[in-house]
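Spelled out from the first residue to the last, the chains are:
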Amino acid sequence: MSEALVAAETPGTGIEPVPGVSGARQFWRRLRTQRAALVAAAVVALLVLVALAAPLLTAIEGQDPTTYHPSLIDSARGGVPIGSFGGISGDHWLGLEPQTGRDLFARLVYGARVSLGVAFAATVIQVLVGVVMGIASALGSGCVDQLLSRITDIFVAMPLMIMALALLAIVPSSFPRPVLVTLVIGFIAWGNIAKIVRAQTLTLKGLDYVSAARLSGWGTWRIARRELLPGLAAPVITYAAILMPVNISVEAALSFLGVGVKPPTPSWGQMLTAADVWYQAAPQYLLLPAGSLFVTVLALTVLGDGVRTALDPRAASRLSVGTGRKREAKAGKAESAAGKGASEAGQDASATEAGKEGTA
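Small disclaimer: the values here were computed from a predicted structure and weren't measured.

**Q** What is the right way to read the overall build of the chain from this model?
**A** Helix and strand content of the chain: 13 helices and two strands. Total accessible area on the chain is roughly 19400 Å²; 65% of this is exposed by carbon and sulfur atoms.

Below, the structure written as structure tokens:
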């Protein structure tokens, strides 16, 4: 039972079971039927590729994210870049940062590394801590379960932004800020995934194959590793896909409030902090990081919904807007047609019986 199970055909999904197909291949087949999720996956892959290739891209442009260009700034106008569209040119593909003259393209692609890296690392920490706490709570004794459940409740009720603001404000500035933001988000916001894992583990441990493993003399953690973790993969992966856009938004908000990533390290949220007074003189300085955040969060959200639906085909996708109503309308028309046919048949039968009685 520790091997991936082949899902049975689910009404309304249009997916037929294929004998011998692994769980990963079944997941990929279901995901391929969702065009929106595939487009979102392509966008996320492109963003990750741009973030990883940031040094190469900036080397091709011939710029870096920290070099100042004061000669390209119009000090008489308050630091607005010289030239049209914020100083866009062959040397500066997206223009210049107001006041400092730093290359905006270089800061944008390096900011993607920080924002995506912090969100991914924080998600990994949340998943690891949440899975360990959830399994330990579900498989432990009554006292252990009560203790870990109360600790989890405390972290669930803890306001993430307020605690992050407090912790980031008291830590010395010499500590690397991206690492600090990652640790703060990861070790504060794991409570919800721990509760999900605990509830799922309590359901799984009552199944026959888990009881058989226990009767065979397996230890608790061997049962958890060999029998429970495969069953927890779907909800954990689904929730992790949902956590990614949330963590990106949290990192951007902390940097926007001035307690996250500090200059000169570029971050999309930190760029928005400095861009709020330049939206009229240099609108691209505000629109580029804001648009990047919007596209990233939207793509990750759509991809998370696709992953959720592919892992659990019985759940209707939120992306299929209106399909449920269409099915209901079709079902209603079919019932009406059936009822009308039955009524006409009844009328014909009544007329036939009446004719027979008249003849008699």
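**Q** Explanation requested: the packing of aromatic side chains in the structure shown.
**A** The geometry of an aromatic ring pair is captured by the separation of the ring centres together with the interplanar angle, meaning the angle of the planes. Evaluation of the coordinates by the stated rule reveals two aromatic pairs. Between F155 and W190, the aromatic rings sit 4.7 Å apart at their centres with planes inclined by 40°, giving tilted as the arrangement. Here W190 lies in the loop between helix 7 (177-188) and helix 8 (191-204) and F155 lies in helix 5 (residues 142-157), a separation of 35 residues in the sequence. The class of F155 is partly exposed, set by a relative accessible area of 23%.

**Q** When you look at the side chain of E61 in this model, what are you seeing that I'm missing?
**A** Within the secondary structure, E61 sits in helix 3 (residues 54-61). No salt bridge is formed by the buried E61; its nearest oppositely charged neighbour, R107, is found at 11 Å. Leaving out residues up to four positions away in the same chain, E61 has contacts with D91, H92, W93, D103, F105 and A106.

**Q** In this structure, what is going on with the nonpolar core? I would like to understand it.
**A** Among soluble globular proteins, nonpolar side chains are generally buried collectively. If you look at the biggest cluster of nonpolar residues, it comprises 26 residues, and the most contacted ones within it are I248, W268, M271, Y285 and L293. Broken down by secondary-structure element, the contributors of at least two residues to this core are helix 2 (35-52), helix 4 (104-139), helix 10 (220-256), helix 11 (268-275) and helix 12 (283-311). Here the element with the most residues in this core is helix 12; it accounts for seven residues. Discounting residues that sit within four places of it in the chain, I248 has contacts with S115, L116, A119, L293, T296, V297 and L300. I135, V210, L228 and Y239 belong to the second-largest nonpolar core, a separate cluster that totals 17 residues.

**Q** Where do I start with helix 4 in this structure?
**A** If you check helix 4, its first and last C-alpha atoms are 52 Å apart, about what 36 residues at 1.5 Å a residue would give, namely 52 Å. The element helix 4 is extensively covered by neighbouring structure, given that 27 of its 36 residues are classed as buried. Structurally, the start of helix 4 carries an N-cap: the backbone nitrogen of F105 is 3.3 Å from a side-chain oxygen of D103.

**Q** Where do I start with the packing of helix 4 against helix 12 in this structure?
**A** Think of two packed helices as two axes; the pair is described by the angle between the axes and how far apart they sit. Axis separation between helix 4 and helix 12 bottoms out at 11 Å; the angle between their running directions is 30°. The orientation of helix 4 with respect to helix 12, classified from their angle, is roughly parallel. Like other packed secondary-structure pairs, helix 4 and helix 12 cross with a definite hand, here right-handed. Within the contact between the two elements, helix 4 uses L104, L108 and L116 and helix 12 uses Q284, Y285, L288, P289, S292 and T296. In terms of residue class, the contact of helix 4 with helix 12 is made up of six nonpolar, three polar and no charged.

**Q** Quick question: what am I supposed to make of the pattern of salt bridges here?
**A** Pairing of side chains with opposite charge becomes possible as their charged atoms draw close. Counted under the stated rule, the structure contains six salt bridges. Among the ionic pairs, D305 bridges to R308, the shortest N-O distance being 3.1 Å. Note that D305 and R308 are positioned in helix 12 at a spacing of three residues, about one turn of the helix. Here D305 matches R308 in class, with each residue buried. Among the charged side chains, a salt-bridge network with shared partners connects E97, R102 and R107.

**Q** I keep staring at helix 8 and nothing clicks. Help me out?
**A** Each α-helix turn comprises 3.6 residues. Residues three or four places apart therefore point the same way. Between its terminal C-alpha atoms helix 8 stretches 20 Å, which fits the 20 Å expected from 14 residues at 1.5 Å a residue. Buried within helix 8 we find G191, I193, A194, V197, T201 and L204. All buried residues of helix 8 lie within an arc of 155° about the axis, which places them on one face of the element. Buried residues along helix 8 sit against helix 4, helix 5, helix 9 (208-215) and helix 10.

**Q** Would you mind showing me how to read the environment of I193 here?
**A** With respect to the helices and strands, the residue I193 is situated in helix 8. For I193, a relative accessible area of 1% corresponds to the buried category. When the C-alpha atoms of I193 and L243 are compared, they prove to be 9.6 Å apart, with 50 residues separating the residues in sequence. Dropping the residues within four chain positions of it, I193 is found in contact with Q126, V127, G130, V236 and Y239.

**Q** So what exactly am I meant to see when it comes to a nonpolar patch on the surface here?
**A** Taken together, the side chains of F175, V179, L183 and F187 make up a nonpolar region of the molecular surface, amounting to roughly 320 Å² of accessible area. As for its position among the elements, V179 is in helix 7.

**Q** Just checking my understanding: could you explain the side chain of Q270 for this structure?
**A** Note that Q270 resides in helix 11. Residue classification places Q270 among the buried positions, given a relative accessible area of 8%. Not counting the four nearest positions on each side in its chain, Q270 is found in contact with R107, S255, F256, V261, P263 and T265.

**Q** Which parts of the structure should I look at to understand the packing of helix 6 (residues 160-170) against helix 7?
**A** With their axes 10 Å apart at the nearest point, helix 6 and helix 7 run at an angle of 140° to one another. By the angle between their directions, the pair helix 6 and helix 7 is classed as oblique. Two packed elements cross with a definite hand, and for helix 6 against helix 7 that hand is right-handed. Only R177, L180, V181, V184, I185 and I188 of helix 7 make contact with helix 6, whose side of the interface consists of L160, M163, A164, L167 and L168. For the contact of helix 6 with helix 7, the per-class residue count stands at ten nonpolar, no polar and one charged.

What counts and how
- Per-chain numbering applies: the sequence of each chain, read as written, is numbered from 1 onward.
- Given that this is a predicted model, residues contribute local features only at a pLDDT of at least 70 and side-chain atom pairs are listed and counted only at 80 or more, while totals for whole chains, interfaces and linings are drawn from all residues.
- Where side-chain values are given, they derive from all heavy atoms of the structure, hydrogens and water being excluded.
- Helix and strand assignments follow DSSP, with helices taken as H or I runs no shorter than four residues and strands as E runs no shorter than two, numbered in order from the N terminus.
- We get accessible surface area from the Shrake-Rupley algorithm with a probe of 1.4 Å; when it comes to residues, only the shown protein chains can shield them.
- Between the rings of Phe, Tyr and Trp (Trp by its six-membered ring), a pair exists once the centres lie within 6.5 Å; its type follows the angle of the planes, with under 30 degrees stacked, over 60 edge-to-face, and the other angles tilted.
- Each residue is assigned to one of three classes by its accessible area relative to the maximum for its type, calculated with a 1.4 Å probe on protein chains only: buried under 20%, partly exposed between the two thresholds, exposed over 50%.
- A positive count includes Lys and Arg, and a negative count includes Asp and Glu. His and the chain ends are not counted in either.
- Just to be clear on terms, a salt bridge is a Lys or Arg side-chain nitrogen sitting within 4 Å of an Asp or Glu carboxyl oxygen.
- Two residues qualify as a contact provided that any one of their heavy atoms is within 4.5 Å of a heavy atom in the partner residue.
- What makes a nonpolar core is a set of buried Ala, Val, Leu, Ile, Met, Phe, Trp, Tyr and Cys residues whose side-chain atoms join them at distances within 4.5 Å.
- How far a helix is expected to stretch is found by multiplying one less than its residue total by 1.5 Å.
- Pairs of N or O atoms within 3.5 Å make up the polar contacts considered here, provided that, within protein, one atom can donate a hydrogen while the other can accept it, and that residues adjacent in sequence are counted only when both atoms are side-chain atoms.
- What counts as an axis is a line fitted to C-alpha atoms, over the stretch in contact for a helix, and the angles between N-to-C directions run from 0 to 180 degrees.
- Working rule for angles: under 35 degrees goes down as roughly parallel, over 145 as roughly antiparallel, 65 to 115 as roughly perpendicular, anything else as oblique.
- Handedness of a crossing is defined here by the sense of rotation of the near helix relative to the far one, left-handed for an anticlockwise turn of less than a right angle and right-handed for a clockwise turn.
- Side-chain classes are defined by residue name, with Ala, Val, Leu, Ile, Met, Phe, Trp, Tyr, Cys and Pro counting as nonpolar, Asp, Glu, Lys and Arg as charged, and the others, Gly among them, as polar.
- As used here, the arc belongs to the directions running from the helix axis to the C-beta atoms.
- Here a patch means residues that are over 30% exposed by relative accessible area and free of salt bridges, tied together within 9 Å if like-charged and within 5 Å if nonpolar (Val, Leu, Ile, Met, Phe, Trp, Tyr).

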